[in-house]
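# Analysis of the macromolecular model
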Amino acid sequence: MGAYAREELLACVIARLLEGARHAAIGASSPIPATGAFLHQNRNPGFRVSLQQRRNANPFTEGSRELFDLAGQGRIDTFFLGGAQIDGSGAINLVRADGKRFPGSFGSAYMYSVVANVVLFREEHSARVLVPKVEFVSARGMPKALLTGKALFSWQKDRGRFRLESTHEKEDIRAQTGFDYDAPATIPLTQPPSEEELSLLRGPVAQVISADYPDFAKRVWGIN
Amino acid sequence: MNAEALAARIPDGALVALPPDYSLPAMEAVRCLIRRKSRRLRLLGVPVLGLCADLLIGAGCVAEVETSAVSLGEAGLAPRFTEAVERGEIKVRDATCPAVHSALQAAEKGVAYMPLRGVIGSDLVQARSDWKIVDGVLNIPALRPDVALFHARWADEAGNVWVGRRRELATVAHAAMETLVTYDELKPGDMLEDEILAPGVISSLYVGGTAHAPKGAWPLGLPGVYGADDTHLSQYARAAKTREGFQRYLDEWVLTPGKSFSPA
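Quick summary incoming for the structure in this document. (Residues numbered from 1 in each chain as written. Chains lettered and ligands numbered in written order. Predicted model: local features only at pLDDT ≥ 70, side-chain atom pairs only at ≥ 80, totals over all residues.)

### Considering helix α6 (residues 214-221) of chain A
Residues and elements named next belong to chain A. Within α6, burial applies to Phe216, Ala217, Val220 and Trp221. Within α6, the buried residues cover an arc of 95° as seen down the axis, which keeps them to one side. For α6, the exposed residues lying more than 90 degrees away from the buried face are Asp215 and Lys218. In this structure, the buried side of α6 is in contact with α1 (6-17), α2 (31-43) and α5 (195-212). Phi turns positive one or two residues past the end of α6, at Gly222, with a value near 70°. (Buried ≥ 20, exposed ≤ 12 C-beta atoms within 10 Å, placed from the backbone. Helix = DSSP H or I, 4+ residues; strand = E, 2+ residues; numbered from the N terminus. Arc of directions from axis to C-beta. Contact = placed C-beta atoms within 7 Å.)

Below, the structure is given as structure tokens:
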């Protein structure tokens, strides 16, 4: 196993979370979820990815409401949401925290409740972001998972709590997490990218991603 | 009519519906609003806002914003919006994207409200006294903006405008009391006679005024014609982090006659 970028590891985790999905939509400014989705598509050609803000050959022809209409009908089964704050009940906050104003809720209040599989994704893993209770509930729902730059959590429907599944490196996650969660006695390391995954990421996936996220593709893969 | 005259049709205090950065923003008309010192505008994001709103807010033209978000996309947070909200200088009515679409769709159908799935459980519902839960479903009241303002690739001699796949602009034009459109190019004749163009047309029935503004979306893009000027946008995002930097940007790119829409 050679060296890999953290972004590549996160994209591989996202691709594994997409197992069994038929159609994922990707909202604004989400290069890592988009990378994971295109990696999954490479191995599962029947899987559809719709990038909301794709510059060329955008999949939508009915304006920006079409994404929400598709989701309302169940034609999109996977969506990604982030948050300035995320709490242990799965609620996200995109509006305000600690006297600071954030951009706003976008479509989250709707998408979280109508899309079957919502993956929460935020690269920063800190007690500032992962809080006991969000200051403002932009959206609430039952997530499929929470992926951060340091760890992967699953959601336990019966307990209404997160469960730590793995950490990307060996480190004390509880000290860096503001909410309480369940964890196994021994916490495994997140499975690293395989050689096959890395060659797909650095080949066809990187090419597709560079069209819509040029800065990201340049930073991770040196594509100009 | 030029963009200056078109902007003069928007009275102070009007509820003005604007598209996001990726959906045909009328940037030249926005610069005209700033030059004519518009005041107390209420902006509606269809369904979110970007550079248009940040410029208008920074220039003191705005009292209130109703939107699902304000952001400069890849260039980051909208700095003038953020500071104005944190200092309590403008009021925000937070929404969520499909609620904005539903409110405009209700208006275009002439019905009082439109039901919307989901959303219940969000604090937005408590914050919006105009949104009602009836039999477990959220009802969004119809919203009729005073003005819808955007940029089109083409207008024609019959007063129609072409927006292609940006159908949310057709919806907001149907819903608004008046629709004002700047355009890059004038097409001779009537686009409704062309079966290929017609599906992307908003008919003159809805359009109150058009104005020729070449490169009128700059520094944002006009899909298929010119891309967004990413260098200029990140320059703006950096400059607008402070009031002084924003004022220097306004002086150079908005208030200096002749310079505004003529990028190098």
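### Structural notes on the sheet that holds strand β9 (residues 130-131) of chain A
Residue and element names in this part refer to chain A. Sheet architecture is open: 3 strands sit in the order β5-β4-β9, paired in mixed fashion. Of all strands in the sheet, those with a lone pairing partner are β5 (92-93) and β9, marking the two edges. Pairing of strand β4 (residues 85-87) with β9, which is carried by 2 bridges, proceeds in the parallel orientation. By the bridge assignment for β9, Ile86 is matched with Leu130. (Pairing = 2+ DSSP bridges.)

### As for α1(A)
Helical geometry note: an α-helix holds 3.6 residues per turn, so side chains three or four residues apart project in the same direction. Taking 1.5 Å of rise per residue, the 12 residues of α1(A) would be expected to cover 16 Å, and the 17 Å separating its terminal C-alpha atoms lies within 8% of that figure. Counting buried residues along α1(A), 9 of its 12 residues qualify, which places the element largely inside the surrounding structure. (Expected span 1.5 Å × (residues − 1).)

### Here we look at the sheet that holds strand β10 (residues 145-148) of chain A
Residue and element names in this part refer to chain A. One open sheet holds the 7 strands; their spatial order is β2-β1-β3-β8-β10-β11-β12, and the pairing between them is mixed. The open sheet terminates on both sides in strands that have one partner only, identified here as β2 (48-51) and β12 (161-167). With direction set aside, neighbouring strand axes in the sheet form an average angle of 25°. Bridge analysis of strand β3 (residues 78-81) against strand β8 (residues 117-122) gives 4 bridges, and the strand direction is parallel. When the bridges of β8 are listed, Phe80 appears paired with Val119. With respect to the sheet, α1 is in contact with β8, β10 and β11 (151-156), its orientation differing from that of β10 by roughly 170°. (Axes fitted to C-alpha atoms, helices over the stretch in contact; angles between N-to-C directions.)

### Observations regarding the nonpolar core
Of all hydrophobic cores here, the largest spans 160 residues; its most connected members are A:Ile14, B:Ala53 and B:Leu56. If we ignore the near neighbours within four places in the chain, the residues touching B:Leu56 are B:Val30, B:Leu33, B:Ile34, B:Leu41, B:Leu43, B:Cys61 and B:Val62. (Core = buried A, V, L, I, M, F, W, Y, C linked by C-beta atoms within 7 Å.)

### As for the environment of A:Leu17
Along the chain, the position of A:Leu17 falls in helix α1. A:Leu17 sits 129 residues away from A:Leu146 along the chain, and the two C-alpha atoms are 10 Å apart.

### As for the pairing of strand β8 (residues 147-156) of chain B
Residue and element names in this part refer to chain B. When you tally the buried positions in β8, you get 10 out of 10 residues, the bulk of the element. Bridging between β8 and strand β10 (residues 178-187) involves 9 bridges; their strand directions are parallel. The residue bridging Ala148 from the neighbouring strand is Thr179, located in β10. In this sheet, strand β9 (residues 161-162) lies alongside β8 in antiparallel orientation, the contact comprising 2 bridges. Bridging across to β9, Trp154 finds its partner in Trp162. Adjacent in sequence and paired antiparallel, β8 and β9 are bridged by 4 residues, among which Gly159 carries a positive phi angle near 90°.

Honestly, it's all geometry; don't read function into it.
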